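An overview of the molecular structure
Spelled out from the first residue to the last, the chains are:
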Amino acid sequence: MIKKARKRKMFIVIGTLLVIVGALMIWLNISYSPVKKQFQNDITALLSENRLSVDNDMFTDKDFSHLPTVVQKYIENCGYIGTPKMSYLKMEYHNVDFSQGKNGPTLTIDYIQYNFISKPCRMALIDSSMFGIPFEGYDYYQNGTGGMKGVIAKVITLFDQTGADMDKACLATFLAESLFAPTILLQDYISFEEISDFEVRATITYGGQTTSGIFTFNEQYEMISFTTNDRAATGTDGSMEYIPWSAICSDYQLYENGIKHPTKFKAVWNYPDADFVYFDGIISDVAYGYAE
């Protein structure tokens, strides 16, 4: 009797474990994700809020006449003149090499982002896996507040970074991508100063924060880099250290929308001993939204 009771208990335990494992496998493999759902809900709300935020007229030379000459030539060279003014930018990357810190693992990620214009706002979703377990990241900047959140197995938060340093870093990222959506260049929150024939300093002020950086262009008037000292690198212990940060663009090509965009993009921490490329991707799609 005792042996039979033990066997029954063992079968119950094994059965319970199998049910738990089965439920976990189903959870990890279904398409639903709280992080993705939050991202989709936020984007839906922002699309509705921004659909009438920008006049849907065409870019003209006159719009950019107050900006440094190299910026005007970039706008003309990339084909924006005569195209509609966008109210938001959407960019997608697939199979990006993404490193989590100097000594951290390198993941292959898919990355989608939205940059909204009337008020500086940037939302980005990372979709990946670690050891076969879903990993998702959510970078956000809205209403002057920035943050970065990482979640594994859809419900376990690995990190959730917020605070003034993140606010400033996220605003700097928005500035770095401003030339990809030139309506941004016409807003009151951004200004430019010519440094040389191929360099300009850009400054953005919003939400109580001010950040700046230098855009560099090549002789074809393609923007090839943005460098700033206003982004802090986060250590494994959660500490923040201000390190020069660069966004590197290359391989410009003509997209279906008739506009030239870079197809390769790298994000780099310029440490004193060596550069650390932590994001190395190919832009798979660039799309714009317009006022309705």
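Residues numbered from 1 in each chain as written. Predicted model: local features only at pLDDT ≥ 70, side-chain atom pairs only at ≥ 80, totals over all residues. Heavy atoms only, no water.

**Quick notes on the environment of threonine 216**
Counted only if it meets this: In this description a helix means any DSSP run of H or I spanning at least four residues, a strand means any run of E spanning at least two, and both kinds are numbered starting from the N terminus. By the convention used here, residues are in contact when the closest approach between their heavy atoms is within 4.5 Å.
Within the secondary structure, threonine 216 sits in strand E9 (residues 209–217). Contacts of threonine 216, omitting those with residues within four sequence positions, involve Phe198, Glu199, Glu222, Met223, Ile224 and Ser225.

**Some thoughts on the pattern of salt bridges**
What counts, and what does not: A side-chain nitrogen of Lys or Arg and a carboxyl oxygen of Asp or Glu constitute a salt bridge if their distance falls within 4 Å. A simple rule labels every residue: compare its accessible area, found with a 1.4 Å probe on the protein chains alone, to the largest value its type can have, and call it buried under 20%, exposed over 50%, or partly exposed in between.
According to the stated counting rule, one finds 6 salt bridges in the structure shown. With its nearest N and O atoms 3.1 Å apart, the salt bridge here joins aspartate 127 to lysine 36. Within this pair, whereas aspartate 127 is found in strand E3 (residues 121–130), its partner lysine 36 is found in helix H2 (residues 34–50), the two being separated by 91 residues in sequence. The exposure class assigned to aspartate 127 is partly exposed, which follows from its relative accessible area of 28%. Residue classification places lysine 36 among the partly exposed positions, given a relative accessible area of 21%. Because the salt bridges share partners, they merge into one network encompassing Asp57, Asp63 and Lys85.

**Notes on the confidence of the model for the protein**
Put simply, the test is: Residue-level confidence of the predictor, termed pLDDT, takes values from 0 up to 100.
Averaged over every residue, the pLDDT of the protein is 86; residues scoring 70 or more account for 85%. Here residues 15–29 is a poorly scored stretch, pLDDT under 50, and it has 10 contacts once near neighbours within four places are set aside; other chains count.

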